[in-house]
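Residue-level listing of the chains:
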Amino acid sequence: MPEGHTLHRLGRLHQRRFAGSPVAVSSPQGRFAEGAALLDGLVLTGTDVWGKHLFHRYAGGAVVHIHLGLYGTFTEFAVPPDGPAPPPVGQVRMRLAGAEYGTDLRGPTACEIFDELQVADLLARLGPDPLRRDADPALVYKRIAKSRRAIGGLLLDQSVVAGVGNVYRAELLFRNGIDPRRPGTTITADEFDTAWRDLVALMKVGLRRGKIVVVRPEHDHGAPAYAAGKPRTYVYGRAGEPCRVCATPVRVTDLEARAMFWCPGCQG
């Protein structure tokens, strides 16, 4: 599932490509046909992102709420100046086309029309987003410090902090030497403050570079990344392999039905 930095990159891209002009909106697949018909030809006034939720705002007040989920993707295409746009390929839920560029949305968990009350209701259920300027870390810590749930589970709870996924969760806890099984009530204010600053910095790197970069330069060597085309990680996807810092075999634990990678040596 894409983590928060990916949605922020998409939001910025769509702002540059489409905001301020009328856009053609369609649903080649048909599952968003009614919503597309309402939006077709309207001006896209701007985009907004909170955690893993992307919002397209249109003149007149309509908002498209998009959650990519596990399988959702946007693919971009060029709109020829003197000809039709290329035909859609596959199951395209929503096609958005401007004067020069277009984008096709496939496989999202959500692609739906919201009004501002529905947007507000959704945002009220989400925790602060580390990539937003209005993020309140004190609210995140308040929710962590009063919970006996494992910190590894709390970090994936979007009502606690929005936008963190499995990779950032595992790598953040490793970088800060925190056992993912520790209850939230045991996380000190100093530990949280240091980890929050680290999280914000890491996600800003991800936003800028378009990929999750977490390994410090002095450790960025040796065993390859967990998957082709991915930067190295400390623990994520590396179960059974030696830790890049202490050589202890990395472990994977089932934590609230999600795989949690960690190092017993560095996080014990």
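Everything numeric here is computed off the predicted structure, so don't read it as measured data.

J.: In this structure, what is going on with the overall build of the protein? I would like to understand it.
T.: The helix and strand inventory of the protein stands at eight helices and ten strands. Its C-alpha atoms give the protein a radius of gyration of 20 Å, near enough to 18 Å, the size a compact globule of 268 residues would have. Counting only C-alpha atoms, the protein reaches 60 × 40 × 30 Å along its principal axes. Relative to its full complement of 268 residues, the protein shows a buried share of 48%. Taking the contacts inside the protein whose residues are at least 6 apart along the sequence as the reference set, 59% of them involve residues at least 24 apart. Summed over its atoms, the accessible surface of the protein is roughly 12600 Å², and 54% of this surface lies on carbon and sulfur atoms. Side-chain charges in the protein split into 34 positive and 27 negative, and the spacing between the mean points of these groups amounts to 5 Å.

J.: Help me understand the UniProt feature "domain: FPG-type" (unreviewed entry) in the protein in this model?
T.: The UniProt entry lists residues 234-268 under the feature "domain: FPG-type" (unreviewed entry), expressed in the numbering used here. The span residues 234-268 is 11% helical and 29% strand by assignment, and the distance between its end C-alpha atoms comes to 15 Å.

J.: Can you walk me through the pattern of salt bridges in this structure?
T.: Oppositely charged side chains can form a pair if their charged atoms are brought close together. Under the counting rule described, the total for this entry stands at 15 salt bridges. Among the ionic pairs, Glu116 bridges to Arg57, the shortest N-O distance being 2.5 Å. Of this pair, Glu116 sits in helix H3 (residues 116-124) while Arg57 sits in strand E3 (residues 53-58); the two residues are 59 residues apart in sequence, bridging distant segments of the chain. Put simply, Asp220 and Arg232 hold a salt bridge, and the shortest N to O gap is 3.2 Å. Note that Asp220 is positioned in the loop between helix H7 (189-209) and strand E9 (251-255) and Arg232 in the loop between H7 and E9, a separation of twelve residues in sequence. Overall, Arg232 belongs to the partly exposed group, its relative accessible area being 24%. By sharing partners, the salt bridges in this structure join Asp48, Arg57, Glu116, Arg132 and Asp134 into a single network.

Calculation rules
- Each chain has its residues counted from 1, following the order in which its sequence is written.
- A pLDDT threshold of at least 70 governs which residues receive local features in this predicted model, and a stricter bar of 80 or more applies before side-chain atom pairs are shown or counted, although totals over entire chains, interfaces and linings include all residues.
- Calculated side-chain values reflect all of the structure's heavy atoms, with hydrogen atoms and water omitted.
- A run of H or I in DSSP counts as a helix once it spans at least four residues, and a run of E counts as a strand once it spans at least two, with each numbered from the N terminus.
- Radius of gyration means the value over C-alpha atoms here, while the globule rule gives 2.2 Å times the residue count to the 0.38 power.
- Think of it in three bands: residues with accessible area under 20% of the maximum for their type are buried, residues over 50% are exposed, and the middle band is partly exposed, with areas taken using a 1.4 Å probe on protein chains only.
- A contact between two residues is defined here by any heavy atoms of the two lying within 4.5 Å.
- For the area figures, the Shrake-Rupley method with a 1.4 Å probe applies, and any residue is considered shielded solely by the protein chains shown.
- As used throughout, the charge tally considers Lys and Arg to be positive and Asp and Glu to be negative, leaving His and the chain termini uncounted.
- By convention, the charge on Lys lies at NZ, on Arg at CZ, on Asp at CG and on Glu at CD.
- UniProt positions are given in the numbering used here, feature names are shortened, and annotations may be inferred rather than shown by experiment.
- The term salt bridge refers to a side-chain nitrogen of Lys or Arg lying within 4 Å of a carboxyl oxygen of Asp or Glu.

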